[in-house]
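Coordinates in review
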Amino acid sequence: MKIFSESHKTVFVVDHCPYMAESCRQHVEFDMLVKNRTQGIIPLAPISKSLWTCSVESSMEYCRIMYDIFPFKKLVNFIVSDSGAHVLNSWTQEDQNLQELMAALAAVGPPNPRADPECCSILHGLVAAVETLCKITEYQHEARTLLMENAERVGNRGRIICITNAKSDSHVRMLEDCVQETIHEHNKLAANSDHLMQIQKCELVLIHTYPVGEDSLVSDRPKKELSPVLTSEVHSVRAGRHLATKLNILVQQHFDLASTTITNIPMKEEQHANTSANYDVELLHHKDAHVDFLKSGDNHLSGSSREGSFKETITLKWCTPRTNNIELHYCTGAYRISPVDVNSRPSSCLTNFLLNDPRYKIDGSLEIPLERAKDQLEKHTRYWPMIISQTTIFNMQAVVPLASVIVKESLTEEDVLNCQKTIYNLVDMERKNDPLPISTVGTRGKGPKRDEQYRIMWNELETLVRAHINNSEKHQRVLECLMACRSKPPEEEERKKRGRKREDKEDKSEKAVKDYEQEKSWQDSERLKGILERGKEELAEAEIIKDSPDSPEPPNKKPLVETDETPPVEKSKGPVSLLSLWSNRINTANSRKHQEFAGRLNSVNNRAELYQHLKEENGMETTENGKASRQ
Amino acid sequence: MPTVVVMDVSLSMTRPVSIEGSEEYQRKHLAAHGLTMLFEHMATNYKLEFTALVVFSSLWELMVPFTRDYNTLQEALSNMDDYDKTCLESALVGVCNIVQQEWGGAIPCQVVLVTDGCLGIGRGSLRHSLATHSQRSESNRFPLPFPFPSKLYIMCMANLEELQSTDSLDCLERLIDLNNGEGQIFTIDGPLCLKNVQSMFGKLIDLAYTPFHAVLKCGHLTADVQVFPRPEPFVVDEEIDPIPKVINTDLEIVGFIDIADISSPPVLSRHLVLPIALNKEGDEVGTGITDDNEDENSANQIAGKIPNFCVLLHGSLKVEGMVAIVQLGPEWHGMLYSQADSKKKSNLMMSLFEPGPEPLPWLGKMAQLGPISDAKENPYGEDDNKSPFPLQPKNKRSYAQNVTVWIKPSGLQTDVQKILRNARKLPEKTQTFYKELNRLRKAALAFGFLDLLKGVADMLERECTLLPDTAHPDAAFQLTHAAQQLKLASTGTSEYAGYDHNITPLQTDFSGSSAERM
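Parameters and conventions
Residues numbered from 1 in each chain as written. Chains lettered and ligands numbered in written order. Predicted model: local features only at pLDDT ≥ 70, side-chain atom pairs only at ≥ 80, totals over all residues. Heavy atoms only, no water. Domains from an automatic or database assignment. Buried < 20%, exposed > 50% of the residue type's maximum accessible area, 1.4 Å probe, protein only. Helix = DSSP H or I, 4+ residues; strand = E, 2+ residues; numbered from the N terminus. Pairing = 2+ DSSP bridges. Right-handed = clockwise from strand over helix to strand, strands pointing away. Expected span 1.5 Å × (residues − 1). Contact = heavy atoms within 4.5 Å. Buried area = accessible area lost by both parts, 1.4 Å probe. Salt bridge = Lys/Arg side-chain N within 4 Å of Asp/Glu carboxyl O. Axes fitted to C-alpha atoms, helices over the stretch in contact; angles between N-to-C directions. Parallel < 35°, antiparallel > 145°, perpendicular 65-115°, else oblique. Left-handed = near helix turned anticlockwise from the far one by under 90°. Core = buried A, V, L, I, M, F, W, Y, C linked by side-chain atoms within 4.5 Å. pLDDT = per-residue confidence, 0-100. Polar contact = N/O pair within 3.5 Å; in protein donor to acceptor, adjacent residues only side chain to side chain. Patch = residues over 30% accessible without salt bridge, like charges linked within 9 Å, V, L, I, M, F, W, Y side chains within 5 Å. Areas by Shrake-Rupley, 256 points an atom, 1.4 Å probe, with all protein chains shown as cover. Lys, Arg positive; Asp, Glu negative; His and termini not counted. Charge placed at Lys NZ, Arg CZ, Asp CG, Glu CD. Phe/Tyr/Trp six-rings, centres within 6.5 Å; stacked < 30°, edge-to-face > 60°. Lys NZ or Arg CZ within 6 Å of the ring centre and 35° of its normal.

Annotation of chain B at the domain level lists domain 1 (1-207), domain 2 (211-234 + 244-281 + 296-372) and domain 3 (407-495). Of note, the centres of domain 2 of chain B and domain 3 of chain B, computed from C-alpha atoms alone, are 59 Å apart.

Shown next, in the form of structure tokens:
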């Protein structure tokens, strides 16, 4: 259905003239004697609805179904007509609900049988209906604004459903002529207005209703084109449930609805709580829901649906849903429904069952644009190692308090304090010579010495913190604390290393690659095999990583992944992050563009040692360290 | 999207093609050449896709059932015999059967019809089929439109002039029209030769078989991926916005959400997301491009060693039971999730939602979704024991708001009986009694059904007289009060018949002795 088809705007014009106060002559027993009552009470006399009551409740039912299935973009304007037109609501979305209409109808009240019939006419309402059809809806306005110069592509079509009691066929003809004439006039007006739109197409549905038992003075007539703009159809319907049935048929036709009956729904009996019987519930919905059914040729069409409805219904057997809601099922369509018989017990049992999933009201706390989410993802992924064996800090429980807050946009004083505590704690660990979960993968022998491990850890932590120093001044303070506390001054470290250098030179040369030059290391198939083989022990050792899932086929045959995904900071363990891959790549790309300063290239913590050539004669290697700390 | 190749093997396909060179070609050779090219392209870029080969003349035969083995398809091309006359309709019926049997009616399928534009003679010829098209009954309906989403590509081993000299082109165009315009006719530009056939099939490949490559992004994490099958353009609204929407080649993840919250949403289409590798120079290596198998293997080996974001993402989604929401374009989103295709194997997949600001009403507007940390209070609760979804609609649907419908007498009777039942249990049920009473009062006022109010008032007065001696004195007071109020409302005067006015319980006090004197 096009957005701006005739169904976009429906105007109800209901006759409020004195004769509508007449009884529909269909009795309703309302004083149903309940069992076990005292004998001898005569039930109160049945009452009957007026033509007005029948018209109003049938049109409300039409609206109920329409609003259920199209809560947006299908609009109703309700007009009652007597000595003048009373427009009960507007096209705005806020006015589009049953409560509003019911309240407005109550304010109008039933027609006054003693009013002067000469002053009253349905014509007032019909003229107002045409007028209101020319008024632009917020959706039309929005579409026109969006299309700018193509604004004329936005259609203005509508439907007038007029419920009245007509005197004769020629009376009906007169009403049609009046509508046509009014459209002609108002289109002229609309042509010169910015706020009004010309009516391109109007469907007039005239419903003549009369008391049960009387002869109709008006004959039915199928849809007929009266002019290129106006089509008209006439329905002559007895009041009471006949009128309701007619409007039910019309709402299905007007909004392309179809019916599905859910059969065999087990429900507890009211009287006998421990027994259950099976019920059927008929639902209306857009007929697209049946398209695939009909295509499959597997028609579950059952002859006729229960009482009243004219259409065929597709029957589906109820299947009690499994409680497992963590599985995704392939779903090609979801459709809004409306129960045909909304307050029958089976219907309300079904809808309550479906609605009774635990629900929570949202209080606007999530009213934050998606952009904030993207922004957060950006921050969280600035430093995110993808391979467990290539991160130290994210294998350490002790780092979590810092890692979980440093990615935030802004820090509280308490956050800063926690970060500082984390750093002091690490210093303490280093002093006590606590072991670190450093990967020994790809290295021969025992892997790096303890102080080397700490150096790697401090470097990585610095990388993480540096990735966020521009977030705020407090982030900066965390870095300052880190720089002040991190192990020895570089000179001292260098000296120590120099001493050690000779004994495990071989070890070193292989390790040198390790730091963050992942790209190189990944190409080293020897090392990769090592990772694959030792990966498992690794995981157990690190004791932090969750189950590795199966990987999709192509490149990686073996899961080498961190597994915490959602807002990673929320979870207390298994920290997160990568970026060295990214930053390395960027750095490599950037460094190709210019010749790096020799000093920076060889610097340690951005300090370059002078007169290195003197040391190099002693077999010194400086580059590995430099790479890591350079940002 | 599976493909059915439908190859014309009627005698007319053996007509020689005059080529200046020494070798003599027939049209079927040209056709086979073009199809070879298509199969080769698919073998490299569409490895996962299934293709079937049907040959037809007056009869049709399924030469190769749906397969991913392009060698088999290739071999079949060289083993085709020549048969009698062209009978297109029966072949198309055959295609319907084959596809429906294998894929049902919901999977889109491409049909590549290769013919020379000679449409047969007499019964069963396309002209005959089209001429009798309007006189069909349901039992022998024309096979078009195909009973599944489809594209019909007609590859003519003839050039435009030749087809236009008869009514062949018109007939073929009718075919596309009958398929609801889904499809296209290709003809050879210029003389019939291998080169021009190649360029014709090249156009088909460009139109229908170009792989969709994209960059999957999540903050700074990225991966080059192929999205398979290729997402097709989508038209949102024919009237206002008739331009087909195409998805971005930058697929940006905007957030993650629990599977339970998104709960099996309706989707337009589903696609595999396959990582592809880029080598140092930025050229693609993993999927396609390289013809040399060895190169490809070594490239794949290298790719296998590079940590890939797809692997991380897939694993994480699987473990956490979540999906990633991905931006496909302006106001267009989809989801990435792990889909198990067996106990051991699962894949990263992407499904496309319908374009629009609010494709899934229970999540509200996509742009209004934000990070948990931005919420004042964690909407999932401290123990992860609740969820902000599904969102409540601003206006409840009729079935969730206890509407009053009296169209059937039973509806009215139930409502009256509810009041009566509660009336008999006064004063315990005072609250429910007045709640039901007010509900009935409101509806009666809206429907202008004032007689009902009078009737119910009478009924309550009668109940009052029937109260047993043991009844609490309050019951009589409340019944009288309620009846009185209903009577006032039934006059319809604005003073008493206000819609928003509620009848409230009479304030009584039976706690002390004072009540006795009332």
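All names here are of chain B. The buried count for strand 7 (residues 150-159) comes to nine of 10 residues, which makes it a mostly enclosed element. In the sheet, strand 6 (residues 109-115) pairs with strand 7 via seven bridges, with the strands oriented parallel. If you follow T115 over to strand 7, its bridge partner there is C156. Considered for its hand, the β-α-β crossover made up of strand 6, helix 4 (residues 126-131) and strand 7 is right-handed. In this sheet, strand 8 (residues 183-188) lies alongside strand 7 in parallel orientation, the contact comprising five bridges. Its bridge partner being in strand 8, I154 is matched across the sheet by I185.

Residue and element names in this part refer to chain A. Between the first and last C-alpha of helix 5 (residues 169-191) there are 33 Å, a value that for 23 residues agrees with the 33 Å anticipated at 1.5 Å per step. When we look at burial in helix 5, the residues that qualify are H171, V172, L175, E176, C178, V179, T182, I183, H186, N187 and A190. Here the buried face of helix 5 lies against helix 3 (123-134), strand 6 (157-164), strand 7 (201-210), strand 8 (221-225) and strand 9 (230-238).

Bringing the pairing of strand 15 (residues 346-352) of chain B into the picture now. All names here are of chain B. Counting buried residues in strand 15 gives seven out of seven residues, a clear majority hidden from the surface. Residues S346, L348, M350 and L352 point to one face of strand 15 and N347, M349 and S351 to the other, with burial holding for every one of them. In this structure, strand 12 (residues 269-275) lies alongside strand 15, joined through four bridges in antiparallel fashion. Considered in strand 15, the bridge of S269 is made with L352. Hairpin connection from strand 14 (residues 332-340) to strand 15: five residues lie between these consecutive antiparallel strands.

It is worth spelling out the interface of chain B and chain A at this point. Note on interface size: it is often stated as the accessible area lost on association of the parts. Each side of the interface is counted separately: chain B has 109 residues, and chain A has 110 residues. Contact between chain B and chain A buries roughly 10300 Å² in total, counting both sides, with carbon and sulfur atoms accounting for 62%. Interface area lost by chain B to chain A is led by H220, E239 and Y399 of chain B, which between them contribute 8%. Taken together, the links from chain B to chain A amount to three salt bridges. Between D341 of chain A and K408 of chain B there is a salt bridge whose closest N-O contact spans 2.8 Å.

Turning our attention to the packing of helix 11 (residues 409-423) of chain B against helix 13 (residues 450-465) of chain B. Angle between the axes and distance between the axes are the two parameters that describe a pair of packed helices. All names here are of chain B. At a minimum axis distance of 11 Å, the contact between helix 11 and helix 13 shows a crossing angle of 30°. Considered as vectors, helix 11 and helix 13 are oriented roughly parallel to each other. The crossing of helix 11 and helix 13 is right-handed. Here L412, V416, I419, L420 and A423 of helix 11 come into contact with helix 13, specifically with L452, V456, M459, L460 and E463.

Counting 82 residues, the largest nonpolar core has F78 of chain A together with F433, L452 and L460 of chain B as the members making the most contacts within it. Per element, the largest residue contribution to this core is 11 residues, and it comes from helix 1 (residues 51-69) of chain A. Ignoring anything within four residues of it in the chain, the contact list for L460 of chain B reads I419, A423, F433, L437, L479, A482, A483 and L486 of chain B. The next biggest cluster of nonpolar side chains, apart from the first, holds 59 residues, and it includes V112, Y153, Y337 and F353 of chain B.

Attention now goes to the pattern of salt bridges. Counted according to the given criterion, the structure contains 45 salt bridges over all chains. When salt bridges that share partners are traced, they join D31 of chain A together with R424, R462 and E463 of chain B into one network.

The next thing to look at is the sheet that holds strand 4 (residues 75-81) of chain A. All names here are of chain A. Pairing in this open sheet of seven strands is mixed, and the strands run 5-4-1-6-7-9-8 from one edge to the other. Across the chains shown, the open sheet's two edge strands, defined by having one partner strand only, are strand 5 (85-87) and strand 8. Neighbour-to-neighbour, the strand axes of this sheet turn through a mean angle of 20°, independent of strand direction. Of the pairings in the sheet, the one linking strand 4 to strand 5 comprises three bridges and is antiparallel in character. In the strand pairing of strand 5, I79 is matched with V87. Across the sheet, helix 3 lies against strand 1 (9-15), strand 4, strand 5, strand 6 and strand 7, angled at about 155° from strand 4, the strand it touches most.

Quick look at the confidence of the model for chain B now. Residue and element names in this part refer to chain B. On average, residues of chain B score 86 in pLDDT, and 92% of them reach the 70 mark or higher. When pLDDT is averaged over each element of chain B, helix 12 (residues 430-446) comes out on top at 95 and helix 15 (residues 514-517) at the bottom at 45. Residue range residues 279-292 is modelled with pLDDT below 50. Its contacts to residues more than four positions away, or to other chains, number 27 contacts. Overall, residues 514-518 carries pLDDT values under 50, and its contacts beyond four positions in sequence, including any with other chains, amount to four contacts. Scored as a complex, the prediction yields pTM 0.76 and ipTM 0.80.

Residue and element names in this part refer to chain B. Within the element layout of this structure, D116 appears in the loop between strand 6 and helix 4. The buried category is assigned to D116, whose relative accessible area is 1%. Within the local environment of D116, its side chain forms a polar contact with the side chain of S12, the two groups lying 2.6 Å apart. A distance of 3.0 Å separates polar atoms of two side chains, one belonging to D116 and the other to R15. Setting aside its immediate chain neighbours within four residues, D116 contacts D8, S12, M13, R15, R27, M157, A158 and L163.

A surface patch of like charges, here negative, comprises E94, E100, E138 and E142 of chain A. Following the sequence through the fold, E138 of chain A ends up in helix 4 (residues 138-147).

This part covers helix 14 (residues 473-490) of chain B. Residues and elements named next belong to chain B. For helix 14, spanning 18 residues, the distance from its first C-alpha to its last is 26 Å, which sits close to the expected 26 Å at 1.5 Å a residue. Among the residues of helix 14, those classed as buried are D474, A475, Q478, L479, H481, A482, A483, L486, A489 and S490. Of the surrounding elements, those touching the buried residues of helix 14 are helix 11, helix 12 and helix 13. Phi for G492, located one or two positions after helix 14, is positive at around 80°.

A few words now on the packing of aromatic side chains. When we look at a pair of aromatic rings, we describe it by the centre distance and by the angle of the planes. For the structure shown, the criterion picks out 15 aromatic pairs over all chains. One aromatic cluster is present, formed by F12, Y62, F70, F78 and F255 of chain A through successive ring pairs. The ring of Y330 of chain A has R270 of chain B sitting right over it, with the charged end atom 3.4 Å from the ring centre. Residue placement shows K442 of chain B over the ring face of Y499 of chain B; its charged tip is 5.3 Å from the ring centre.

Attention shifts here to the sheet that holds strand 1 (residues 3-8) of chain B. Residues and elements named next belong to chain B. An order of 5-4-1-6-7-8 is seen for the six strands of this open sheet, with the pairing classed as mixed. The open sheet is flanked by strand 5 (60-67) and strand 8, the only strands paired with a single partner. Put simply, the sheet's adjacent strands are angled 15° from each other on average, direction ignored. Where strand 4 (residues 51-56) lies against strand 5, five bridges are found, and the strand directions are antiparallel. Bridge pairing in strand 5 places V55 opposite E61. Contacts from helix 7 (residues 194-208) reach strand 6, strand 7 and strand 8 within the one sheet, and its direction differs from that of strand 7 by about 165°.

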